[in-house]
Amino acid sequence: MTGRFGSVITAMVTPFRSDFSLDLDRAQELAAHLLDHGSDALVVFGSTGEAATLNDDEKRDLLRAVVEAAAGRGKVIAGTGTYDTAHSVHLTRMAQENGADAVLLVTPYYNRPPQRGLVAHFTTVAGATSLPVLLYNIPGRTACTIEPQTLLGLAADVPNVVGVKDATGDLQAASRIVRDAPPGFEVVSGDDWATYAMVSLGATGVISVAAHLAGERMRDMVQLVEAGDAAAGRKIHQELSPLFAGLFIVSNPIAVKAALEMAGQSVGPPRLPLVPATEEERDRIRQSMIESGVL
């Protein structure tokens, strides 16, 4: 069952020039490349897109550029969640006004609201837009988890909350959500390494980092599993496993930006406080690419 945004959604890096300014021309080139090589949709200014270091004007300009490049090729999802509900509402309205097809709302980070706070936050932000809303559950980055019962309640009670990017690593909870969510609610893997297992449990696809380099193979893996050919899907998973690991030897997106440069798709450096990969890290990333057949 392919999801409403397709099987492979790439969490797109944000290209910067050498002076760390936003490179919109490169963003358009990369968006077109990804959508022509296995991606069904793109997430802009998510965590892989270094949202924390982009100001609101940069986010607006990046979204406009990618929406233009993606026209007729695929959908664009804007990462509009922050740890401030009012600012999340502002960004979500901006995204709708500038052509986003959906928004991705991460759990509020740092301030760690209780579950009832999460319900209030997501309900308020979703109520500010008519766009489909994907929630983003990534406790490893946010120190905040949407518990399954909370998530199921939001899925049932908020009409435009249509899915969750699950990066919890908790396959038992994901299985419960797939089983108990209302019809049309989608669970999407938030980790490349977990995609094979998550799709086997009923997830509709993946929001991927590795798809920057192996989009067609990620798509093939998902489609094979959905078609019932678990063995063939598992073979691709095993072939790509070194890449999945190599892209996370250091904080994302440091490694994938280095990998793209090695693959002839340079997107510039990350912004501080992230720093470029060291030579030792680059060696490990390169080796993972070679082992997975993407270099």
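Above this text is the structure in question.
Residues numbered from 1 in each chain as written. Predicted model: local features only at pLDDT ≥ 70, side-chain atom pairs only at ≥ 80, totals over all residues. Heavy atoms only, no water.

Student: With reference to specific residues and values, describe the overall build of the protein chain.
Tutor: Of the regular secondary structure elements, the protein chain holds twelve helices and eight strands. The buried share of the protein chain, taken over its 295 residues, is 56%. By element, 50% of the accessible surface of the protein chain is carried by carbon and sulfur atoms, the whole surface being about 12,000 Å². The average position of the 24 basic charges and that of the 34 acidic charges among the side chains of the protein chain differ by 2 Å. (Helix = DSSP H or I, 4+ residues; strand = E, 2+ residues; numbered from the N terminus. Buried < 20%, exposed > 50% of the residue type's maximum accessible area, 1.4 Å probe, protein only. Areas by Shrake-Rupley, 256 points an atom, 1.4 Å probe, with all protein chains shown as cover. Lys, Arg positive; Asp, Glu negative; His and termini not counted. Charge placed at Lys NZ, Arg CZ, Asp CG, Glu CD.)

Student: Talk me through the packing of aromatic side chains; I want residue IDs and the actual numbers.
Tutor: Following the criterion strictly, the structure yields one aromatic pair and no others. With a centroid separation of 4.8 Å and an interplanar angle of 25°, the aromatic rings of Tyr83 and Tyr109 are classed as stacked. With Tyr83 in the loop between β3 (75-79) and α3 (85-97) and Tyr109 in the loop between β4 (102-106) and α4 (115-126), this residue pair connects regions lying 26 residues apart in the sequence. Of the residues examined, Tyr109 reaches a relative accessible area of 29% and is grouped as partly exposed. (Phe/Tyr/Trp six-rings, centres within 6.5 Å; stacked < 30°, edge-to-face > 60°.)

Student: Residues and numbers for helix α6 (residues 148-157), please.
Tutor: Where α6 is concerned, the buried positions are Pro148, Thr150, Leu151, Leu152, Leu154 and Ala155. On the buried face of α6, the contacting elements are α4, β5 (133-137), β6 (161-166) and α7 (171-180). (Contact = heavy atoms within 4.5 Å.)

Student: Please give an account of the pairing of β6 that cites residues and values.
Tutor: Counting buried positions along β6 gives six out of six residues, so the element sits mostly inside the fold. In terms of strand pairing, β6 meets strand β7 (residues 186-189) through four bridges, oriented parallel. For Gly163, the partnering residue across the bridge sits in β7 and is Glu186. With respect to chirality, the unit in which β6 leads through α7 into the neighbouring parallel β7 is right-handed. (Pairing = 2+ DSSP bridges. Right-handed = clockwise from strand over helix to strand, strands pointing away.)

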